[in-house]
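Listed here are the chains, written in short residue letters.
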Amino acid sequence: MSRRVLVLAHTGREDSLKAAWEACALLHASGIVPVMQESELADMERFFGHLAQPVEVLHDHVQLPDVELVMVLGGDGTILRAAELVREVDVPLLGVNLGHVGFLAESERADLAQTVEWIASREYTVEERMTIDVQVWVRGQKIWHTWALNEAAIEKANRERMLEVVTEVDERPLTSFGCDGIVLATPTGSTAYGFSAGGPVVWPEVEALVIVPISAHALFAKPLVVSPRSRLAVEVLGRTDAQGVLWCDGRRSVDLPPGARVEVTKSATPVRLARTHQTPFSARLVRKFELPIHGWRGPVPKADAIHTGPIPVVRTPRPMPPLQVPPAGQPDIDSDPSTAK
Ligand SMILES: NC(=O)c1ccc[n+]([C@@H]2O[C@H](COP(=O)([O-])OP(=O)(O)OC[C@H]3O[C@@H](n4cnc5c(N)ncnc54)[C@H](O)[C@@H]3O)[C@@H](O)[C@H]2O)c1
Ligand SMILES: Nc1ncnc2c1ncn2[C@@H]1O[C@H](COP(=O)(O)OP(=O)(O)OP(=O)(O)O)[C@@H](O)[C@H]1O
């Protein structure tokens, strides 16, 4: 049976469509059938002409469950959009960063050809990222039911008014305060909005839910890390007429009138991210946030740790790269080849 990879691009960007064109050609050359969404394929071919070999159209020639992997060419926003698309199927996402940060992306634009090679030789693993189930209740009626990979962010809807909320964990009230908003994040989302609001960074392999108030007018409004089995709720207090708004992953939103209640629990459906590198999360954090590491004198990484190749799923013998001893004062703890700028 043919192997198929869906190529998802940011249609608003020429560089992303160009990368999609290249990805389709490289996939063809590796014996994999590229698949695209109809409108993206039309945009791509308008800019760069028809490919020599045909590209299958999603929902027309092929359905999502027939796809092995989705290559996402864009930034975090494009990956969040892709997560929406594959939510109900078991297909992993592999991000190639063409955005500004691309924290969720696995490789960089310069590694496109290498990334296709790794896909072709099945040299990738799949990591499950926890998502949250989000429900909104107003006057005892469930008015909205959605999910999020990053976070549910409850925010004030009027610039001039503070939002008054009461928080709840495991059906017990915790504390109420006025604020600009409150973020209920997953470990994946802990490096996004929750991070900006002063929340902790949670390593992806840790299962937890994070509560981060935004500009709370309160003496106790610390970020909290709770069990993934906890039931979280935030109620918009009805004693003022301040309106709120709920945003999930910056993509799906609903208005929150006074009295609205947002309930968040761990969802049973994760999002799957494909990984081609075995760099630890700490290295990704340093690289993406450009953290200063000058002066570090830690242990010289073991040969395994500086291995620049992917995690082989199908183990094929490959020569180890020469051990690179970093020059004094410039320790190279980030062995990820995608760091090449
Ligand atoms: N003040 C803030 O930091 C703020 C405000 C609103 C939304 N957001 C975030 O934006 C996300 C939507 O992303 P977008 O790209 O569509 O919007 P966007 O283009 O406005 O980008 C927001 C920023 O968040 C980064 N980002 C998104 N997910 C991330 C993650 N898991 N880890 C690290 N950084 C991440 C993006 O790279 C980008 O720099 C929301 O889920 C929310 O987390 C952040
Ligand atoms: N095909 C598309 N059509 C319309 N909008 C898109 C498409 N792909 C992505 N977007 C939206 O464009 C916005 C910016 O995209 P993206 O996050 O990929 O780039 P970025 O902001 O430069 O990168 P990063 O988020 O990594 O900093 C996001 O809100 C995303 O949802």
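Residues numbered from 1 in each chain as written. Chains lettered and ligands numbered in written order. Predicted model: local features only at pLDDT ≥ 70, side-chain atom pairs only at ≥ 80, totals over all residues.

### Let's talk about the nonpolar core
- Counting 85 residues, the largest nonpolar core has V7, V70, M71, L73, L93, A152 and V262 as its most contacted members.
- In terms of residues, this core owes the most to one element, helix 1 (residues 14–29), which gives eight residues.
- Each of domain 1 (1–130 + 270–341) and domain 2 (132–266) accounts for three or more of the residues forming this core.
- Dropping the residues within four chain positions of it, M71 is found in contact with V5, V7, L8, A23, L94 and V96. (Core = buried A, V, L, I, M, F, W, Y, C linked by C-beta atoms within 7 Å. Buried ≥ 20, exposed ≤ 12 C-beta atoms within 10 Å, placed from the backbone. Helix = DSSP H or I, 4+ residues; strand = E, 2+ residues; numbered from the N terminus. Domains from an automatic or database assignment. Contact = placed C-beta atoms within 7 Å.)

### Comments concerning the confidence of the model for the protein chain
- Across the protein chain, pLDDT averages 89, with 88% of residues at or above 70.
- Ignoring residues within four places in sequence, the model shows residues 312–341, a span with pLDDT below 50, making 52 contacts including any to other chains.
- Across the interfaces of the predicted complex, the ipTM metric reaches 0.91, alongside a pTM of 0.88. (pLDDT = per-residue confidence, 0-100.)

### Description of the site of ligand 1
- The local shell around ligand 1 holds 19 residues, among which G77, V101, A192, S196 and G250 are the closest.
- Sorting the residues of the shell around ligand 1 by element identifies helix 3 (76–86) and helix 5 (193–196) as the ones contributing at least two each.
- Of all the elements, helix 3 adds the most residues to the shell around ligand 1, at three residues.
- Of the residues contributing to the shell around ligand 1, the split by class is six nonpolar, ten polar and three charged. (Near = placed C-beta within 6 Å. Nonpolar A, V, L, I, M, F, W, Y, C, P; charged D, E, K, R; others polar.)

### Considering the site of ligand 2
- Contacts to ligand 2 come from 13 residues, most closely from G75, G77, T78, G99 and H100.
- Considering each element in turn, the shell around ligand 2 owes the most residues, four residues, to helix 3.
- The class makeup of the residues in the shell around ligand 2 is one nonpolar, ten polar and two charged.

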